[in-house]
Structures are given as structure tokens and as C-alpha cells.
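One-letter residues, chain by chain:
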Amino acid sequence: MKLSKLKENIVKRKSRFVQRLLIFISFVLVLTLSILFVKNLVNKYIYNGNSIVHLKNEWQKYNYQEVYEISQSILEKEPFNNTALIYHGYSAFFLSLSQTETSVSQSLIDESINSMRIALQNAKIKTVPQLEYMLGKAYFYKDSISSYHYYADLVIMYLNRASKDGYKAEDIPEYLGLSYASLGMTMESIAAFTKALLTRESDLLLLSIAEQYFNAGQMVASEQYLYRISQDCKDDKINEKAHLLLGKIYLSQKKYSDAEKEFLLILEKNENSADGYYGLGVIYESQGDLIKARSNWRTALKKQSNHPDALKKLSEYK
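Treat the numbers as computed from the prediction; the structure is a model and nothing was measured.

(A) Expanded view of the overall build of the protein. From N to C terminus, the protein includes 16 helices and zero strands. Per-residue burial for the protein yields a buried fraction of 39% across its 318 residues. Accessible surface, the protein as shown: approximately 19,700 Å² in total, 54% of it carbon and sulfur.

This is the structure in C-alpha cells:
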């Protein structure tokens, strides 16, 4: 009797153990499936879907097209989602830079500016300076690809705001210098370019400063910067512009022999330079040789049919 009861207890214990094991296994299986399900949902809707997390991940990878599309999808549902607006503006800006068709580039830059201006209205204080900086650059690029250059004042406004609000970027002075120059604000342009030289000297910057000093009538200062270019500049286009400006300086100083050397140097490197022929024409005009002068101006028009100065000169000596 006792033996049979003992066997019965053993069987019951085994049965309960098996039952508990099955419950545990079922629990683990359900938990595992639940975790996988949640993980798939997270991957689908957060890390791979139209989410801010996915948006920022793609931004870190410099995948501007993906950022543009994700932010666009978010904005269709939430038009004033500030984070989506910022990233949409930034990605549209960088995509516009890579376009070969001007119309597509213009459309993207307009979209970029619109998104960033809306975002600026409700941006966090720490984000405002960067938005102002990006808006300044966007307007600079819009100005460079537009038929009419009406945006330089906005470049100046936003970049100065960004600097005032504490944003640091080495290219700000150069953008300001170019924008001031396009508005004819010569001394402001010189100040900005000179500041740019403190962080990064380049032949293009030196040429830009020389041009502004020339516009201001300060020929000696202009010539000094052009001399710095002539030391070791390897860029043929910058060299040509530097020689052309030197030729103009010498013309203004009535140093016709020196001016002629500069224009001949240009034509030696580039026989199609309309400016070179025009400059020679001005020299001959100053010396009273109108036959050679008109000949050179006509050659300038053969090289560049719409050369404004050559057209003007020939109309004066019909």
C-alpha cells in the first residue's frame, strides 16, 4: 500500500514538473515572439519608416535624398513639425547644389528657404543661429543662380544675425564680402574679405580684395594684393583676371607701356581674351592711333560679340 502511494506521488511530481516546464517553454516562446514583433514594428516605423529617428540616422549618413523624402512625408501629416522642416530645408539646399539643371536647382533652393524660414519662427534658441547661417548661404546660392541678383541684402542680414547670435563658420566673412561687393558696398566688402584672410588666404580672396580697392580708387593698395597673387598662383583664370586688373591700374596711371605688357601677357596665354584686345585698343586710343584702336575693339567683338565696352567704343568712333 505504501509502495503504491509512493509511486503515485512520484508520478504526480513528474507530471507537475512536465506541466511547469511546458508552461515555462510556452512563456519563453511567447515572450520571444513578442520581442521579435515589437522589434519589427520599431524597425519598420521608427528606424526604417517615416520617423524623426530614421530621419536623423539618414542625415548622419549624408543621405540627403532620403532625408528629403522622409521629411517630406512627415510634413504631409504634420506641416509644422519643426524638426522635419529644418531637415527638409537643409537636405533641399544640399540637393540643389548637386543639380545640373538650373530650373531644378532653383526649385529646390526655394523649397529649402521656405522650409527654413517657417522653421525659424518656432525654432529652439540653440538652433536659431545655425538656421540663420544656412538661410544666408541659401540666399547666396539663390542669388548666384538667379537671372536677377536681388538677394545679396538677405545674405548679409542672415549671416550677420548668425554671427551676432554666436554661430562660428570660417566662410561667413567671404560670403559677406562677395555680397557687399555685389551691392557696391566697397569698404564693407574690403573689411569682410580682409577678415576672411585671417583664417584662410587664397588667390581668389586676394583678387577680390584687389578688385574692391580698385573700385574704391585705391590703386596702390589694389596693386599690392595683385603682387601677392603673382608670386605662386597656379590658377590660369585668376592669373588672367589679375593681369587684366593690373592693366586697368596702369591705364588709370597713364603707364601705357606697363599696361600693354599686361594685356599682351593675357593674350599670350589666352588668344581669345576679348578683354585683352579691348585693353590694347584703349592704349592705342590714348596714343592717338584710332586705326589700331578700332582694329583691336573689332577683334574683341569677334571673340565676344556682346562685349559692352568694345561696343561702346566703336559706337563713339563711327
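Now that the structure has been shown, the text picks up again.
(B) The environment of Ile125, seen in detail. Relative to the elements of secondary structure, Ile125 occurs in the loop between α5 (102–121) and α6 (128–145). On the basis of relative accessibility, which here comes to 76%, the residue Ile125 falls in the exposed class. For Ile125 and Asp165, which are 40 residues apart along the polypeptide, the C-alpha to C-alpha distance reads 9.5 Å.

(C) Quick look at the layout of surface pockets. In this structure, the largest pocket encloses a volume near 340 Å³. Around the largest pocket, the lining is made up of 13 residues, and of these Ile86, Tyr87, Tyr90, Thr127 and Gln130 lie nearest the centre. Broken down by element, the residue count for the lining of the largest pocket peaks at six residues, all from helix α4 (residues 82–97). Its residues assigned to classes, the lining of the largest pocket shows six nonpolar, four polar and three charged. Empty space within the second largest pocket amounts to approximately 230 Å³. Lining the second largest pocket are Ser163, Tyr167, Lys168, Ala169, Glu170, Ile172, Pro173, Leu176, Ala192, Lys195, Leu198 and Thr199. Listing elements by their share of the lining of the second largest pocket, those giving two or more residues are α8 (172–182) and α9 (186–199). When residues of the lining of the second largest pocket are assigned to their parent elements, the largest contribution, four residues, is made by α9. Looking at the lining of the second largest pocket residue by residue, the classes come out as seven nonpolar, two polar and three charged.

(D) The environment of Leu207, seen in detail. When you line up the elements, Leu207 lands in helix α10 (residues 203–215). On a C-alpha basis, the gap between Leu207 and Glu223 in space is 9.9 Å, while along the polypeptide they are 16 residues apart. Apart from residues no more than four positions distant in its own chain, Leu207 is found in contact with Leu226, Ile229, Ile238, Lys241 and Ala242.

(E) Inspection of the packing of α6 against helix α7 (residues 152–164) at higher detail. Where α6 contacts α7, the axes come no closer than 8 Å and their chain directions differ by 160 degrees. Between α6 and α7, the angle is such that the two are roughly antiparallel. Helix-helix and strand crossings are classified by hand; for α6 and α7 the assignment is left-handed. The segment α6 lies against α7, with Pro129, Glu132, Tyr133, Leu135, Gly136, Lys137, Tyr139, Phe140 and Asp143 engaging Ala152, Leu154, Val155, Tyr158, Leu159, Arg161 and Ala162. Taken together, the residues of the contact of α6 with α7 break down into eleven nonpolar, one polar and four charged.

(F) Focus on the nonpolar core. Core analysis: the biggest nonpolar cluster contains 41 residues, and Tyr225, Leu226, Ile229, Phe263 and Trp297 have the highest contact counts within it. Per-element accounting of this core gives the leading share, eight residues, to helix α12 (residues 236–252). When neighbours within four sequence positions are excluded, Tyr225 is seen to be in contact with Leu197, Leu206, Ile209, Ala210 and Tyr213. Counting 36 residues, the second-largest nonpolar core is a separate cluster that includes Val67, Ile109, Met116 and Tyr180.

(G) Expanded view of the packing of aromatic side chains. Evaluated as defined, the whole model comprises 14 aromatic pairs. Ring centres of Tyr133 and Tyr167 lie 4.7 Å apart, and the angle between their planes is 25 degrees; on these two criteria the pair is classed as stacked. Taken together, the residues span a long stretch of sequence, with Tyr133 in helix α6 and Tyr167 in the loop between α7 and α8 at a distance of 34 residues. The class for Tyr167 is partly exposed, based on a relative accessible area of 22%. Measuring from ring centre to ring centre gives 5.9 Å for Tyr139 and Tyr158, while their planes differ by 10 degrees; the resulting arrangement is stacked. Pair noted here: Tyr139 is in helix α6 and Tyr158 is in helix α7, with a separation of 19 residues, a long-range link. Judged by its relative accessible area of 5%, Tyr139 is buried. Since its relative accessible area comes to 4%, Tyr158 is described here as buried. By way of ring pairs, the aromatic residues Trp59, Tyr62, Tyr64, Tyr87, Tyr90, Phe93 and Phe94 are connected into one cluster.

(H) Just the side chain of Ser202, in detail. Among the structural elements, Ser202 can be located in the loop between α9 and α10. On the basis of relative accessible area, Ser202 is assigned to the buried category, the value being 17%. At a separation of 3.1 Å, a polar atom in the side chain of Ser202 contacts the main-chain amide nitrogen of Leu205.

The rules behind these values
- Residues numbered from 1 in each chain as written.
- Predicted model: local features only at pLDDT ≥ 70, side-chain atom pairs only at ≥ 80, totals over all residues.
- Heavy atoms only, no water.
- Helix = DSSP H or I, 4+ residues; strand = E, 2+ residues; numbered from the N terminus.
- Buried < 20%, exposed > 50% of the residue type's maximum accessible area, 1.4 Å probe, protein only.
- Areas by Shrake-Rupley, 256 points an atom, 1.4 Å probe, with all protein chains shown as cover.
- 1 Å grid on protein atoms, 1.4 Å probe; cavity = no way out; pocket = protein on both sides within 12 Å on 5 of 7 lines; lining within 4 Å.
- Points joined across faces, edges and corners; volume = space filled by probe spheres on them.
- Nonpolar A, V, L, I, M, F, W, Y, C, P; charged D, E, K, R; others polar.
- Contact = heavy atoms within 4.5 Å.
- Axes fitted to C-alpha atoms, helices over the stretch in contact; angles between N-to-C directions.
- Parallel < 35°, antiparallel > 145°, perpendicular 65-115°, else oblique.
- Left-handed = near helix turned anticlockwise from the far one by under 90°.
- Core = buried A, V, L, I, M, F, W, Y, C linked by side-chain atoms within 4.5 Å.
- Phe/Tyr/Trp six-rings, centres within 6.5 Å; stacked < 30°, edge-to-face > 60°.
- Polar contact = N/O pair within 3.5 Å; in protein donor to acceptor, adjacent residues only side chain to side chain.

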